[in-house]
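Letter by letter, the chains look like this.
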Amino acid sequence: MTKVFEEDLAAGIGTRAIHAGQRPEPLAGAIMTPVYLTSTYVQDGLGKHKGYEYARSRNPTREALERNVAALEGARHGFAFASGTACVDSLMKLFKAGDHVVCGENVYGGTFRLFDRLLQNFGLEFTYVDTRDSNRIEEACRTRTVAVLVETPTNPLMRLTDLSAAAEIAHRAGALLIVDNTFATPVLQRPFTHGADIVFHSTTKYLNGHSDMIGGIALLNDDDLAARIQFIQNAAGAVPGPFDCWLALRGTKTLHLRMAAHDANGRQVAAWLANKIGVERVIYPGLASHPQHELARSQMCGFGGMISVEMGSRDAAARVLERTRIFSLAESLGGVESLISHPATMTHASVPPDRRNALGITDGMIRLSCGVEDVGDLIGDLEFAFKGE
Ligand SMILES: *Cc1c(COP(=O)(O)O)cnc(C)c1O
């Protein structure tokens, strides 16, 4: 089982990002964890091996990543998966037919699709609620509620959930609080300090940060639960390859630096947008006008680089989307490069139109993932794209 090196938990977040989970390689002392490209491990004799038998169960590169991210979140155990979606899918295998999950109504489109189109067919039951109001979570809990799953801030509506309140309600119902911390990362938000039981990420986004791999990871503290997830990781086998783990591990070394830059650029771009087109059209938790700004200030230690903007119509959105040059038109987020997207037809196309409209993901909404370029260039790019708005 991949356990964090306890001594790593004593260091600051930047030191953890760079060193946690990694020790010089024993053969030559290589300071960087090698990419262990192997499917199997030679055994010394019958029943005598170094703890490694087959790479679906264990791979040293994967373990280094699992330890590193566990340390970043302040957790004892980490389990990496082939994608963020594979991670959620594996976590749901903790449960069985008839079990009930309370889920935030504005979770990642692919998470909703997995629950609604696949896992429901296996007898798992889901209730989707607006988790901005903790009472809604409480009202949705039943005797067979096994988990409350939330994402905060959400994508693309930037809605927050009070994590401490959600944890208290989940625990009172005998359920686990599972938090998707992809947007905030452990640099801006630590769900375990608010009582979360499992935290997961799409490592594809900020943790890797360079838009060159797909991956997921789950972190947790409880030893028994960790043993069950390890069993699922091996038995269901949705594991990442060693090279993707190595890329993610290279990415996390600069996570604290990148998040500081994303946050600084996000604040400045949001302020510029608010001034240009009116604060009511800019959705960013760092703006005082955001209805949950106070919660964001108390629960997070920064607001990040994700901003949504209401353009009023699909045509107005298209005009901006097609005129930016530094902000590239693409799905995904969290890379060093700035991206711009149209949630209704891109990331949230898998959410049925009536549901999308009910949530407030309009055809006129655009979403910015502010990268770490020079902020003057980003604003110059938007200045050109927003001309005439
Ligand atoms: C991208 C994303 C996921 C899914 O992760 P993949 O690596 O694309 O499978 C889950 N949650 C959030 C918040 C995401 O942004």
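Participant: Explain the domain arrangement of the protein chain to me, and be specific about the residues and the numbers.
Facilitator: Parsing the protein chain into structural domains produces domain 1 (6-99 + 137-148 + 166-252) and domain 2 (255-385). A straight line from the C-alpha centre of domain 1 to that of domain 2 covers 28 Å. Between domain 1 and domain 2, the residue contacts involve 21 residues of the former and 20 residues of the latter. Together, the buried faces of domain 1 and domain 2 total about 1800 Å²; carbon and sulfur atoms form 66% of this surface. For the interface between domain 1 and domain 2, the tally reads zero salt bridges. Contributing elements (two or more residues each) for the side of domain 1 that touches domain 2: helix H1 (13-19), helix H7 (185-188) and helix H9 (242-252). Considering every element that reaches the side of domain 1 that touches domain 2, the biggest residue donor is H7, with four residues. Of the residues assigned to the side of domain 1 that touches domain 2, the class counts are 10 nonpolar, 10 polar and one charged.

Participant: How would you explain helix H14 (residues 375-385) if you had to name every residue and give the values?
Facilitator: Structurally, the α-helix is built with 3.6 residues per turn, so residues lying three or four positions apart point the same way. By the burial criterion, the buried members of H14 are Val375, Leu378, Ile379, Asp381, Leu382 and Ala385. Axial view of H14: buried residues confined to an arc of 155°, hence all on one face.

Participant: Lay out the sheet that holds strand S7 (residues 216-220) in plain terms, naming residues and giving numbers.
Facilitator: The strand order across the open sheet formed by seven strands is S1-S7-S6-S5-S4-S2-S3, and the pairing between neighbours is mixed. On the outer flanks of this sheet lie strand S1 (77-81) and strand S3 (125-129), each paired with one strand and no other. With direction set aside, neighbouring strand axes in the sheet form an average angle of 20°. Two strands pair when backbone bridges link them, and S1 and S7 are joined in this way by five bridges, in the antiparallel orientation. Across the sheet, Phe81 pairs through a bridge with Gly216, a residue of S7. Here helix H2 (residues 60-73) sits on the sheet and contacts S1, strand S6 (198-202) and S7; the angle it forms with S1, its principal contact strand, is near 125°. Here helix H6 (residues 163-172) sits on the sheet and contacts strand S4 (145-151) and strand S5 (176-180); the angle it forms with S5, its principal contact strand, is near 145°.

What counts, and where the lines are drawn
- Residues numbered from 1 in each chain as written.
- Predicted model: local features only at pLDDT ≥ 70, side-chain atom pairs only at ≥ 80, totals over all residues.
- Heavy atoms only, no water.
- Domains from an automatic or database assignment.
- Contact = heavy atoms within 4.5 Å.
- Buried area = accessible area lost by both parts, 1.4 Å probe.
- Salt bridge = Lys/Arg side-chain N within 4 Å of Asp/Glu carboxyl O.
- Helix = DSSP H or I, 4+ residues; strand = E, 2+ residues; numbered from the N terminus.
- Nonpolar A, V, L, I, M, F, W, Y, C, P; charged D, E, K, R; others polar.
- Buried < 20%, exposed > 50% of the residue type's maximum accessible area, 1.4 Å probe, protein only.
- Arc of directions from axis to C-beta.
- Pairing = 2+ DSSP bridges.
- Axes fitted to C-alpha atoms, helices over the stretch in contact; angles between N-to-C directions.

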